Amino acid sequence: MTSTYQEVSAPPAPAIPPRKTYTPLSAAIDVEACLGLLEGRWKLVILFHLFDGQVQRFSDLEKRVDGISQKMLAQQLRQLEADGIVLRTVHSQVPPRVDYRMTAWGQALCPALDAMLKWAELREQCAGA
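Keep in mind that this is a model prediction, so the values were computed, not measured.

Rules used throughout
- Residues numbered from 1 in each chain as written.
- Predicted model: local features only at pLDDT ≥ 70, side-chain atom pairs only at ≥ 80, totals over all residues.
- Heavy atoms only, no water.
- Helix = DSSP H or I, 4+ residues; strand = E, 2+ residues; numbered from the N terminus.
- Buried < 20%, exposed > 50% of the residue type's maximum accessible area, 1.4 Å probe, protein only.
- Contact = heavy atoms within 4.5 Å.
- Areas by Shrake-Rupley, 256 points an atom, 1.4 Å probe, with all protein chains shown as cover.
- Core = buried A, V, L, I, M, F, W, Y, C linked by side-chain atoms within 4.5 Å.
- Salt bridge = Lys/Arg side-chain N within 4 Å of Asp/Glu carboxyl O.

Caption draft 1: Just the overall build of the protein chain, in detail. Looking only at helices and strands, one finds 6 helices and 3 strands in the protein chain. The secondary structure elements of the protein chain, listed N-terminal to C-terminal, are α-α-β-α-α-β-β-α-α. The buried share of the protein chain, reckoned over its 129 residues, is 20%. Across the protein chain, every contact between residues at least 6 apart in sequence was considered, and the portion connecting residues at least 24 apart equals 50%. As displayed, the protein chain offers around 10,100 Å² of accessible surface, 59% of which is attributable to carbon and sulfur atoms.

Caption draft 2: Summary view of the nonpolar core. In this structure, Ile-46, Leu-47, Val-86 and Tyr-100 are the most contacted members of the largest nonpolar core, which totals 20 residues. The set of elements that each furnish at least two residues to this core consists of helix H2 (43–50), helix H3 (58–64), helix H4 (70–82), strand S3 (97–102) and helix H6 (109–128). Excluding anything up to four places from it in sequence, Ile-46 contacts Val-65, Ile-68, Leu-73, Gln-76, Leu-77 and Leu-80.

Caption draft 3: Summary view of the pattern of salt bridges. Overall, the coordinates contain 3 salt bridges when judged by the stated rule. Its salt-bridge partner being Lys-20, residue Asp-30 comes within 2.8 Å of it at the nearest N-O pair. Here Asp-30 is found in helix H1 (residues 24–37), whereas its partner Lys-20 is found in the segment before H1, with 10 residues between them in sequence. One salt bridge connects Asp-99 with Arg-97, and the closest N-O pair in it is separated by 3.3 Å. Since its relative accessible area comes to 7%, Asp-99 is described here as buried. Exposure remark for Arg-97: the relative accessible area of 25% places this residue in the partly exposed category.

Caption draft 4: Quick look at unusual backbone geometry. Cis geometry is adopted by the peptide bond preceding Pro-95, which originates at Val-94 and carries an omega value of -5°. Looking at the element boundaries, Pro-95 is found in the loop between strand S2 (86–91) and S3.

Just distances and angles here, no functional claims.
Shown next as C-alpha cells:
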C-alpha cells in the first residue's frame, strides 16, 4: 500500500553566531573604536536630544544644541549617519526639509550611556565615603 503522505522536514534554523571572545587587548581595541564613533564636542549632546525616539528636524536640533553652528551640526550629523547611528531623511518639498532619528543600532547605545552616567555617579559617592 502506498501513502500519499510525504514526510517533510523543516529547514534548519539559522545558526546564531557565538558571541565574540575577547582578550584584554582585543576588548580594549574594540571599546576604543566604539568611543571613536562618539568623539566630537557635539555628538553626545546631539544623541541625547535624539534618544527620546522622536524625529527631529535639522532646525529643531540647531535650536536645542546651544552654541553649535549650522556647519558643525551638519558635519556631526553626517558623521553619525555615516557610522549608522543616525538616519537622515530628506523630504522633497520646497523649502527642503531634512530630519533625523536614531537607527535601531543607535538607539541601543542609550543603555550604555545611561550605565556610564551611573558609573560617574558612583565616583561621586565613593569620593564622599
